[in-house]
Amino acid sequence: MELEEKRLPYKATYIQEGPDKPAWFMEKNPSGLMPVLRDGSEWIQDSERIFEHLEAKFPNPALKTPDEFKDVGSGIFPRFVEWLKSKDQAHPAKQDLIKELLSFNQHLQKHGPYIAGEKPTDSDFTVAPKLRHARVALGQIMGFAFPEKLEALHKYIELMEARPSFIHTDSPDEMIICGWRKKFSLPEKLDYE
Ligand SMILES: N[C@@H](CCC(=O)N[C@@H](CS)C(=O)NCC(=O)O)C(=O)O
């Protein structure tokens, strides 16, 4: 999303998670972790380092989130993964996730519409795709919907998902669901009734 927001041309190459990554990729990135950015002869691994590289080299528009807001929303993704992995509709991680969503909603009410105010910044480009994964995967597999009363959260999702940078880097619902089912050997839906 940051490449798109900075209007930098790029070519995306998708690599399947797991043990069968191509040799040319493993040669340059022995840990096998993604995302990776190749800029000329430089290979940069880790999303935070990639962002720092882009911000230093292409400072306009500036997308750095002020330090005080940097970690807002960062608890959502781990709670979502914990809950999904548990394969248990009533797992305590569900309540922990709801708490994280509530606190994110409260933050947006106070400081929004974006994490750092009027303009989206780096943290938004990290959190918004993760919210989409949580919403789509939990909706299908756990039958869970983000509580409707979290209006600032829903507005945030609407705003972020309408951005061309989001649309151009998004994946279809089926791909998101299939990816998570494969990762945790999940059924199509849990038997929660
Ligand atoms: N903090 C790192 C996380 C990197 C990471 O854990 N990447 C996972 C995917 S989200 C990965 O590449 N896994 C490779 C695999 O499972 O084969 C970042 O943001 O770049």
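As the structure is a computational prediction, the values presented were derived from the model and not from experiment.

1. A word on the domain arrangement of the protein chain
Along its sequence, the protein chain is organised into domain 1 (2–57) and domain 2 (67–184). Counting from both sides, the interface comprises five residues of domain 1 and, opposite them, seven residues of domain 2. Elements with a contribution of two residues or more to the side of domain 1 that touches domain 2: helix 1 (2–5) and helix 3 (47–57). Counting residues per element, the side of domain 1 that touches domain 2 draws most heavily on helix 1, at three residues. Tallied by class, the residues present in the side of domain 1 that touches domain 2 amount to one nonpolar, one polar and three charged.

2. What to know about the pairing of strand 1 (residues 36–39)
Relative to strand 2 (residues 42–45), strand 1 runs antiparallel, the two sharing four bridges. What sits directly across from R38, in strand 2, is W43. Between strand 1 and strand 2, which pair antiparallel and follow one another directly, the connecting turn spans two residues, one of which, G40, has a positive phi of 65 degrees.

3. Comments concerning the site of the ligand
Near the ligand the following residues occur: E17, G18, G32, L33, M34, P35, D46 and S47. Of the residues in the shell around the ligand, the class split is three nonpolar, three polar and two charged.

4. Re the nonpolar core
In terms of nonpolar packing, the biggest core is built from 27 residues, with I76, F80, L84, A128, A134, A137 and L138 touching the most fellow members. Counting only elements with at least two residues in this core, the list comes to helix 4 (76–86), helix 5 (93–111), helix 6 (122–141) and helix 7 (151–161). No other element matches helix 6, which puts eight residues into this core. Apart from the residues lying within four places of it in its own chain, the contact partners of L138 are F80, L84 and F144.

5. Describing helix 7
Here helix 7 has its buried residues at L153, Y156 and M160. Projection of helix 7 onto a plane perpendicular to its axis shows the buried side chains occupying an angular sector of 60 degrees, all on one side. For helix 7, the exposed residues lying more than 90 degrees away from the buried face are E151 and E158. Packing partners of the buried residues in helix 7 comprise helix 5, helix 6 and helix 8 (164–167).

6. Things to note about the packing of helix 4 against helix 5
At their nearest, the axes of helix 4 and helix 5 sit 8 Å apart, and the two run at 155 degrees to each other. As the angle between them shows, helix 4 and helix 5 are arranged roughly antiparallel. Helix 4 and helix 5 meet at a crossing whose hand is left-handed. Here helix 4 contributes I76, R79, F80, E82, W83 and S86 to the contact with helix 5, which in turn contributes A93, K94, D96, L97, E100, L101 and F104. When its residues are assigned to classes, the contact of helix 4 with helix 5 shows seven nonpolar, one polar and five charged.

Thresholds applied
Residues numbered from 1 in each chain as written. Predicted model: local features only at pLDDT ≥ 70, side-chain atom pairs only at ≥ 80, totals over all residues. Domains from an automatic or database assignment. Contact = placed C-beta atoms within 7 Å. Helix = DSSP H or I, 4+ residues; strand = E, 2+ residues; numbered from the N terminus. Nonpolar A, V, L, I, M, F, W, Y, C, P; charged D, E, K, R; others polar. Pairing = 2+ DSSP bridges. Near = placed C-beta within 6 Å. Core = buried A, V, L, I, M, F, W, Y, C linked by C-beta atoms within 7 Å. Buried ≥ 20, exposed ≤ 12 C-beta atoms within 10 Å, placed from the backbone. Arc of directions from axis to C-beta. Axes fitted to C-alpha atoms, helices over the stretch in contact; angles between N-to-C directions. Parallel < 35°, antiparallel > 145°, perpendicular 65-115°, else oblique. Left-handed = near helix turned anticlockwise from the far one by under 90°.

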